[in-house]
Amino acid sequence: MVLALTVCGIVVALVVLGLFLFGLRRRLIQRSGGTFDCSLRWDVADRPDAGGKGWSYGVARYNGDRIEWYRVFSYAVRPRRVLERALIEVAGRRLPEGEEELALLSDAVVLACIHQGTRLELAMSEDALTGFLAWLEAAPPGQRVNVA
């Protein structure tokens, strides 16, 4: 009986520790400011599938001329993807279709982009999209910016 209670106590403590580390990591990412919720679908085909597959929920952070994208359900302290402002080309925007509506946040807008020849899609709120497009257009003089 004592062994079972000890094992249960350790399991509960590990779960609480894991949740605490998730929260601490998110707080550290957001500490420098300039973050927004952003789902990402990497290496999308020319005609994306509306089945909702391939989307990863994350947090994006502005860092100078880069966007650093972190997966939400990860313990990694380094960004999963880094997008350079000068290399992002916006190909268009659309509303989620089909099962994508279930895979993304309720107010999401999907932005199709090309980054170093790789097609990707970012899904974010309308407010975050406005900020993202303003950030793209605010590139220093002499930098190429491709916004559709």
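Residues numbered from 1 in each chain as written. Predicted model: local features only at pLDDT ≥ 70, side-chain atom pairs only at ≥ 80, totals over all residues. Heavy atoms only, no water.

**Q** Is there a simple way to think about the overall build of the protein in this case?
**A** Summing up its helical and strand segments, the protein has three helices and eight strands in all. Seen in sequence order, the protein has helices and strands lined up from the N terminus as α-β-β-β-β-β-β-α-β-β-α. A compact globule built from 148 residues should have a C-alpha radius of gyration of about 15 Å, whereas the protein, at 19 Å, is more than 25% larger. Along the longest, intermediate and shortest principal axes, the C-alpha atoms of the protein span 70 × 35 × 25 Å. Each of the 148 residues in the protein was classed as buried or not, and the buried ones make up 34%. Of the contacts formed within the protein by residues at least 6 apart in sequence, a portion of 53% connects residues at least 24 apart. (Helix = DSSP H or I, 4+ residues; strand = E, 2+ residues; numbered from the N terminus. Rg over C-alpha atoms; globule rule 2.2 N^0.38 Å. Buried < 20%, exposed > 50% of the residue type's maximum accessible area, 1.4 Å probe, protein only. Contact = heavy atoms within 4.5 Å.)

**Q** Hey, could you run me through unusual backbone geometry in this one?
**A** Across the chain, the bulk of peptide bonds are trans and the bulk of non-glycine residues have phi less than zero. Of note, the phi angle at D43 is positive, near 55°, even though the residue is not glycine. Summarising the element assignment, D43 is placed in the loop between β2 (39-42) and β3 (58-63). At Q116, a position not held by glycine, the phi torsion is positive, near 50°. Secondary-structure assignment places Q116 in the loop between β7 (108-115) and β8 (118-125).

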